[in-house]
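# Examining the three-dimensional arrangement
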Amino acid sequence: MKVHISVDYEGCAGIFNWIDRGDEDNAGHAAASRRIMTEEANAAVLGILDTFPYAEIVVADSHGGARNILPESLHPKAELIGGWPRTQGMVEGLDESFDMMFLVGYHARAGDTGGALDHTFSGSTVQEVRVGNRPVGEAEINAAVGGHFGVPLSLVSGDDVLARGLRGVLDPEVRIVEVKRGISRYASRSLHPEEARRRIRKAAGEAAGAARKPRPFVLGGDCGLEVDLKSTAMAYAAEPFPGVERIRVRTFRFLPAVDYLTLFKRLMVFFDLAGTWR
């Protein structure tokens, strides 16, 4: 059994704001937040090991600069991917050798009402991402990288708004763990972190041991990807990017790519280019 776990921050229990806000207690807040993120990763690892004691597990720190998970506190059976830049972004290291993928600590997409810390890759750059005229978030976009490799998404954890957005989109066999309920972008009602970890561990064990695995979530290189940026300055900076066409003032359509992984990598670079003008 080989499992890839992408761990984000905003969907973790007990997290209500970002760690880089510059508040007076930022140092203490950041330390506590890193611990929470690390322990939710560990809960998923433990759930897998409960079922497959000799599983190979790779954890990708996928928030901000990807230096959040505490290496010495991560379960010793897991290997850690951290730091930036990475050509596959939040799912760096994922390939066809994996049996399944997990998304832990994920959050609502940009514009989801009541979503805790809602955004899609960059809250300061991206207004909305759509596939076939349907808004999508980081969970769907990253899960489709697994689909490209034939790797099923088997578990997602985060807030209730994320969960509602994914039900009916993902295979019903995907375990979805709600650890908090969104109130507004900067307010939510959270489980105690220990209870959240208990539920993640239980769901991870069930996912790893399930007789029926979910179908891989597939999007093609011609999936009709569109992006709305936050400002006209960003749109001007991004317009020369190859493989896109500017169809409205702040909206870009991605031209079909040879496959989804190629499209995904283009999208990551496009976000970086647009974000140079904030």
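All residue numbers here refer to positions counted from 1 along the written sequence of the relevant chain. Restriction of local features to residues with pLDDT of at least 70 applies here, the model being predicted, together with a cutoff of 80 or more for giving and counting side-chain atom pairs; totals for whole chains, interfaces and linings are based on all residues. Just so you know, side-chain values use all the structure's heavy atoms and leave hydrogens and water out.

## Re the pattern of salt bridges
Our working rule: Within this document, salt bridges are pairs made up of a side-chain nitrogen of Lys or Arg and a carboxyl oxygen of Asp or Glu, the two lying within 4 Å of each other. Under the DSSP-based scheme used, a helix requires at least four consecutive residues in state H or I and a strand at least two consecutive residues in state E, with every element numbered from the N terminus. With a 1.4 Å probe rolled over the protein chains alone, any residue whose accessible area is under 20% of its type maximum counts as buried; one over 50% counts as exposed, and the rest are partly exposed.
Taken as a whole and assessed by the stated rule, the structure comprises 20 salt bridges. A salt bridge links Glu226 to Arg130, with the nearest nitrogen and oxygen atoms 3.0 Å apart. Of the two residues, Glu226 sits in strand β10 (residues 225-229) while Arg130 sits in strand β5 (residues 126-131), which places them 96 residues apart along the sequence. Neither residue differs from the other here; Glu226 and Arg130 are each classed as buried. With its nearest N and O atoms 2.7 Å apart, the salt bridge here joins Arg199 to Glu195. Residue Arg199 and its partner Glu195 are located together in helix α4 (residues 193-209), separated by 4 residues, close to a single helical turn. Assessed through its relative accessible area of 35%, Arg199 is described here as partly exposed.

## As for the sheet that holds strand β11 (residues 244-246)
In sheet architecture, strand pairing relies on hydrogen bonds along the backbone and comes in two forms, parallel and antiparallel. So the rule is basically this: In short, DSSP must find at least two bridges between two strands for them to pair. An axis is simply a line fitted to the C-alpha atoms; with a helix, the fit covers only the stretch in contact. Between two such axes, the angle follows the N-to-C directions and lies from 0 to 180 degrees.
If you walk across this open sheet you meet the 5 strands as β6-β5-β10-β12-β11, and the pairing is antiparallel. Strand pairing shows two members of the sheet lacking a second neighbour, β6 (134-136) and β11, which therefore form its edges. Averaged over all pairs of adjacent strands, the angle between strand axes in this sheet comes to 30 degrees, irrespective of strand direction. Across 3 bridges, β11 lies against strand β12 (residues 251-254) in antiparallel orientation. Bridge pairing in β12 links Glu245 to Arg253.

## Quick word on the sheet that holds strand β9 (residues 187-190)
Our working definition: Any pair of residues with heavy atoms lying within 4.5 Å of one another is described as a contacting pair.
Spatially, the 7 strands line up as an open sheet ordered β3-β2-β1-β4-β7-β8-β9, and their pairing is mixed. Only two strands of the sheet have a single partner each, and these edge strands are β3 (78-81) and β9. Averaged over all adjacent pairs, the angle separating strand axes in this sheet is 20 degrees, with direction ignored. Across the sheet, helix α2 (residues 138-149) is in contact with β4 (100-106) and β7 (153-159); its angle to β4 comes to roughly 165 degrees. In the packing of α4 onto the sheet, contacts are made with β4, β7 and β8 (175-184), and the angle to β8 comes to roughly 150 degrees.

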